[in-house]
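# Chain and residue survey
This is what each chain is made of:
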Amino acid sequence: MADAARPVEGQADASVRETARPHERPAPRKRRRGGARFAGIVDEEAAPAAVPPTDLPSLPAPPVTARRTPRGARFAGAAEEAPASPDLQPQAGPADAEERRAVADVVETLVRLRAAGRSGEAHALLVEAAYWPAHRFPLLAAQMQRAGLGADWATLLWEAASLPAEWLVAAADALTAAGRADDGERILRQGVVRPANEIGQAVVGLAGAGRHREVRALLDAYVRVRTPEEAARSAAPDPKTLVPLLLAAAQGVSDECQWDLVHALRVAGFTA
């Protein structure tokens with residue numbers, strides 16, 4: 001009976017060792033990722049390196065009506081819905097220190113975001129900057145390219161091409177006046193790559209508001225970029241108003257452009 005009550009040899013020692021070191025636990029086994037792509041790769045369960053958050057400059061929120069639709073309509077209702085907001089209109093005169101500081105802040109933030117790989121936040125910042133007043137565009141162009149952000153400048157121009165028509169022309173004017181005519185032409189050409197009916201509606205709205213300079217700039221780019229057939233279709237919203245304007249724009253390009261448009265208009269059922 002005494003032998004039956006005696007603990008097995010080594011069991012008591014193990015119990016003592018476990019009691020003496022209650023805080024020790026076996027090290028967890030490292031998990032291996034499944035699949036051939038992760039063969040031999042071990043999860044070290046280390047905390048990922050966090051990039052410190054960067055405060056973004058406060059920028060004007062983009063108007064809801066100017067956003068592109070999922071179908072890619074970059075010009076829908078721009079002329080009718082765009083408010084005449086004075087802070088979004090071009091301003092004459094050189095930029096003051098505050099303007100330059102605001103532009104510099106955005107450029108510095110973009111550099112930090114790109115360095116940290118935060119491309120989504122960088123793109124959001126570019127979208128917001130596209131809605132800044134037109135007179136800031138030359139400053140943005142100069143400082144972004146000086147900082148090596150040429151690709152971001154191209155993205156900003158693309159986003160700005162969805163602006164309402166008068167803002168689009170104002171941005172092009174500001175760039176051209178600052179000696180950046182190529183960028184001015186580029187933003188207009190990108191801005192008219194939209195459905196023909198929407199271009200027509202926007203031009204009717206601008207003409208009705210007496211914004212004839214914007215009409216001429218927009219249609220000049222339009223008849224250069226689009227085919228005669230596409231230009232003819234844009235007359236549908238108001239042929240009486242749009243046909244003469246389209247023909248005048250085409251005449252300013254070349255005689256050939258004008259005659260091609262005349263023919264396309266006749267085929268579409270419109271006459272001057």
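Attention in this report is confined to the structure presented alongside it. As the structure is a computational prediction, the values presented were derived from the model and not from experiment.

So, how was this worked out
Residues numbered from 1 in each chain as written. Predicted model: local features only at pLDDT ≥ 70, side-chain atom pairs only at ≥ 80, totals over all residues. Heavy atoms only, no water. Helix = DSSP H or I, 4+ residues; strand = E, 2+ residues; numbered from the N terminus. Buried < 20%, exposed > 50% of the residue type's maximum accessible area, 1.4 Å probe, protein only. Contact = heavy atoms within 4.5 Å. Areas by Shrake-Rupley, 256 points an atom, 1.4 Å probe, with all protein chains shown as cover. Axes fitted to C-alpha atoms, helices over the stretch in contact; angles between N-to-C directions. Parallel < 35°, antiparallel > 145°, perpendicular 65-115°, else oblique. Left-handed = near helix turned anticlockwise from the far one by under 90°. Arc of directions from axis to C-beta.

### Focus: the overall build of the chain
Scanning the chain for helices and strands turns up 14 helices and 0 strands. Along the chain, helices and strands appear, N-terminal first, in the series α-α-α-α-α-α-α-α-α-α-α-α-α-α. Counting all 272 residues of the chain, 39% fall into the buried class. A sequence separation of at least 24 residues applies to 71% of the contacts in the chain between residues at least 6 apart. Of the roughly 15900 Å² of accessible surface on the chain, a fraction of 54% belongs to carbon and sulfur atoms.

### A word on the packing of helix α11 (residues 212-225) against helix α13 (residues 239-253)
Running from N to C, α11 and α13 point in directions that differ by 65°, and their axes come no closer than 9 Å. Viewed along their axes, α11 and α13 adopt a mutual orientation that is roughly perpendicular. With respect to the hand of their crossing, α11 and α13 are arranged in right-handed fashion. Contact with α11, carried on its side by Val-215, Leu-219, Asp-220, Tyr-222, Val-223 and Arg-224, involves Leu-245, Leu-246, Ala-249, Ala-250, Gly-252 and Val-253 of α13 and no other residues of that element.

### Remarks on helix α9 (residues 181-191)
An α-helical turn contains 3.6 residues, so a residue and the one three or four places further along point in the same direction. For α9, the full list of buried residues reads Asp-183, Gly-184, Ile-187, Leu-188, Gln-190 and Gly-191. Down the axis of α9, the buried side of the element spans an arc of 165°, and every buried residue falls inside it. In this structure, the buried side of α9 is in contact with α6 (137-146), α7 (150-160), α8 (165-177), α10 (196-208) and α11.

On their own, these measurements won't tell you what the molecule is for.
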